[in-house]
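# Fold and contact review
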Amino acid sequence: MRDFIHAGQPTRVVFGAGSLAHLEREIDLLGSRRALVLSTPDQAAQATMVADRLGARAAGVFARAVMHVPIETAREAREEARRLNADCAIAIGGGSTVGLGKAIALESGLPVLAVPTTYAGSEMTPIYGITEAGLKKTGRDPRVLPRTVIYDPALTASLPVALSVTSGMNAIAHAAEGLYAQDSNPIMDLMAEEGIRALAQALPVVRQQPRDLDGRSDALYGAWLCGTVLGNVGMALHHKLCHTLGGSFNLPHAEVHTVVLPHAIAFNAEAAPQAMQRIGRALGVQGKSSAAAGLFDLARANGAPVALRDIGMRADDLDRAAEIAASNPYWNPRPIGPAQRAEIRALLQRAFEGVRPE
Ligand code: NAD
């Protein structure tokens, strides 16, 4: 048995189809009397529905969350929370909305109650990100970790199939990298393997029957596990590449994770054999194909994009992307830094073309 440190994080998780019905109880437990409900413009109707349920205990609705939390939006939402004298933020939506709740909590310490409707996993992490002048700055702060998370699979039934698949692959990426994290531990390994297994089995069901609540429940269960891994251990090459491609080239978040993951895993395969074994076992491909090929096949079989060129990347930008990703060395099971620029450039070329890793 290896040495490890594990510090459980104090989020209360309420899971189950229809569990939004427990919202009032959960708000009471937080001691909240005036909750500000957050969402994207696309999900304004869901936010209004939540505010209507709460009646006088809803301070208002702020339905202007957007991807990557621009500082201007964060300031507007913080101001709205102050103006309405809110004592809690309810974030109903994906990572963009949860991210806005975190931005409010970072400044004010207001508790966040998250109702996730994608598989991104932000609700289980103390990680925040705010974009200022085109640069996304991320950090960790225990104040931003949602106090309560209500996982209601019924609310994910409306998530479009294409986004369901890529968001599920985004979740799998957290678990896959968690399996070779420098600070991993046996509990996170169990959660990561089970999270990948649950999502790999659920995504084909979600794709064929998007409104099937069993499939949606399994997928959300997997997303919870994978998000917990992201919140507890460090990420490596894959997340660095996605941060670069999303941040500097504006590629869509879940899609870029989907495309890059098999190539990042292939890159690390020899350096992290035990992680590969667990990923392969979770995908059910052991003895048939590599973990990396299994991830590629899972994405392709479920209609997800597998090439960067199909999600808006320009061939001319690949050199610069490799340069940025390799510019500051960071921990990865296979060493990464300026000396490996050519290897990273080759990885990006394979991801650009959508070549199946062997
Ligand atoms: P998102 O939150 O931007 O949602 C994408 C779109 O889908 C939005 O328009 C949203 O309104 C819509 N949508 C969400 N759920 C829906 C549903 N059930 N039905 C219909 N439409 C729905 O996308 P995301 O991938 O969840 O989040 C991405 C963002 O989250 C990125 O900015 C990423 O950096 C961040 N993120 C942060 C962490 C963290 O730990 N801090 C973790 C993961 C992701």
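Before reading further, recall that the structure is shown in the block above.
Below or above, wherever it landed, is the structure these notes cover.

Thresholds, definitions, all that
- Residues numbered from 1 in each chain as written.
- Predicted model: local features only at pLDDT ≥ 70, side-chain atom pairs only at ≥ 80, totals over all residues.
- Heavy atoms only, no water.
- Helix = DSSP H or I, 4+ residues; strand = E, 2+ residues; numbered from the N terminus.
- Rg over C-alpha atoms; globule rule 2.2 N^0.38 Å.
- Buried < 20%, exposed > 50% of the residue type's maximum accessible area, 1.4 Å probe, protein only.
- Contact = heavy atoms within 4.5 Å.
- Areas by Shrake-Rupley, 256 points an atom, 1.4 Å probe, with all protein chains shown as cover.
- Lys, Arg positive; Asp, Glu negative; His and termini not counted.
- Charge placed at Lys NZ, Arg CZ, Asp CG, Glu CD.
- Phe/Tyr/Trp six-rings, centres within 6.5 Å; stacked < 30°, edge-to-face > 60°.
- Lys NZ or Arg CZ within 6 Å of the ring centre and 35° of its normal.
- Near = heavy atom within 4 Å.
- Polar contact = N/O pair within 3.5 Å; in protein donor to acceptor, adjacent residues only side chain to side chain.
- Nonpolar A, V, L, I, M, F, W, Y, C, P; charged D, E, K, R; others polar.
- Domains from an automatic or database assignment.
- Core = buried A, V, L, I, M, F, W, Y, C linked by side-chain atoms within 4.5 Å.
- Expected span 1.5 Å × (residues − 1).
- Salt bridge = Lys/Arg side-chain N within 4 Å of Asp/Glu carboxyl O.

All right, on to the overall build of the protein then. Per the secondary structure count, the protein includes 13 helices and eight strands. Its C-alpha radius of gyration of 20 Å places the protein within 12% of the 21 Å reference for a compact globule of 358 residues. Across its three principal axes, the protein shows a C-alpha extent of roughly 60 × 45 × 40 Å. Here the protein holds 358 residues, and the buried ones make up 58% of them. The contacts of the protein with a sequence gap of at least 6 include a subset with a gap of at least 24, amounting to 76%. Summed over all atoms, the accessible surface of the protein reaches about 14500 Å², with 52% contributed by carbon and sulfur. Charged side chains in the protein number 35 positive and 35 negative. The centres of these two groups are separated by 1 Å.

Here we come to the environment of Ile 311. Within the secondary structure, Ile 311 is located in the loop between α11 (291-301) and α12 (318-327). For Ile 311, a relative accessible area of 11% puts it in the buried group. Beyond its immediate chain neighbours, meaning those up to four positions away, Ile 311 contacts Leu 251, Pro 252, Glu 255, Val 256, Val 259 and Pro 305.

As enumerated under the stated definition, the model contains two aromatic pairs in all. Their ring planes at 40° and their centres at 5.8 Å tell us that Phe 15 and Tyr 151 sit as a pair that is tilted. Taken as a pair, Phe 15 in strand β1 (residues 12-15) and Tyr 151 in strand β8 (residues 148-151) lie far apart in primary sequence, 136 residues in all. Residue Tyr 151 is classed as buried on the basis of its relative accessible area of 0%. Taking the ring centre of Phe 267 as reference, the NZ or CZ of Arg 334 above it sits at 3.7 Å.

If you check the shell around the ligand, you find 23 residues, and the closest are Thr 40, Ser 96, Thr 117, Thr 118 and Thr 125. A distance of 2.6 Å separates an oxygen atom of the ligand from a polar atom in the side chain of Thr 125. Residue Ile 127 places a main-chain N or O atom 2.9 Å away from a nitrogen atom belonging to the ligand. Across the complex, the protein chains shield 85% of the 860 Å² of accessible surface that the ligand would expose by itself. Class assignment for the residues of the shell around the ligand results in seven nonpolar, 13 polar and three charged. Looking at which domains feed residues into the shell around the ligand, each of domain 1 (12-156) and domain 2 (161-353) gives three or more.

Further remarks concern the environment of Val 229. Relative to the elements of secondary structure, Val 229 occurs in helix α7 (residues 213-232). Once the C-alpha coordinates of Val 229 and Gly 195 are considered, the two residues, 34 residues apart in sequence, prove to be 9.1 Å apart.

Formed by 52 residues in total, the largest nonpolar core has its most connected members in Ile 196, Ile 265 and Ile 279. Per-element accounting of this core gives the leading share, nine residues, to helix α6 (residues 186-208). A domain-level breakdown of this core finds at least three residues from each of domain 1 (12-156) and domain 2 (161-353).

On the secondary structure map, Val 14 appears in strand β1. As a C-alpha pair, Val 14 and Ser 108 span 94 residues in sequence and 25 Å in three-dimensional space. In this view, Val 14 contacts Ser 19, His 22, Arg 25, Glu 26, Val 149, Ile 150 and Tyr 151; residues no more than four positions away in its chain are not counted.

A separate point is helix α3 (residues 71-83). For α3, with 13 residues, the first-to-last C-alpha span of 18 Å sits near the 18 Å given by 1.5 Å per residue. Looking only at α3, the buried set comprises Ile 71, Thr 73, Ala 74, Ala 77, Arg 78, Glu 80 and Ala 81. Where α3 is buried, its residues touch β2 (35-38), β3 (58-62), α4 (95-108) and β6 (127-132). Immediately beyond the C-terminal end of α3, within one or two residues, lies Asn 85, with a positive phi of roughly 60°.

What follows covers the pattern of salt bridges. One pass over the structure, following the stated rule, counts 20 salt bridges. When the shortest N-O distance is used, the salt bridge between Glu 343 and Arg 334 registers 2.7 Å. Through salt bridges that share partners, Arg 12, Arg 25 and Glu 26 make up one connected network.

No statement about biological role is implied by the geometric values presented.
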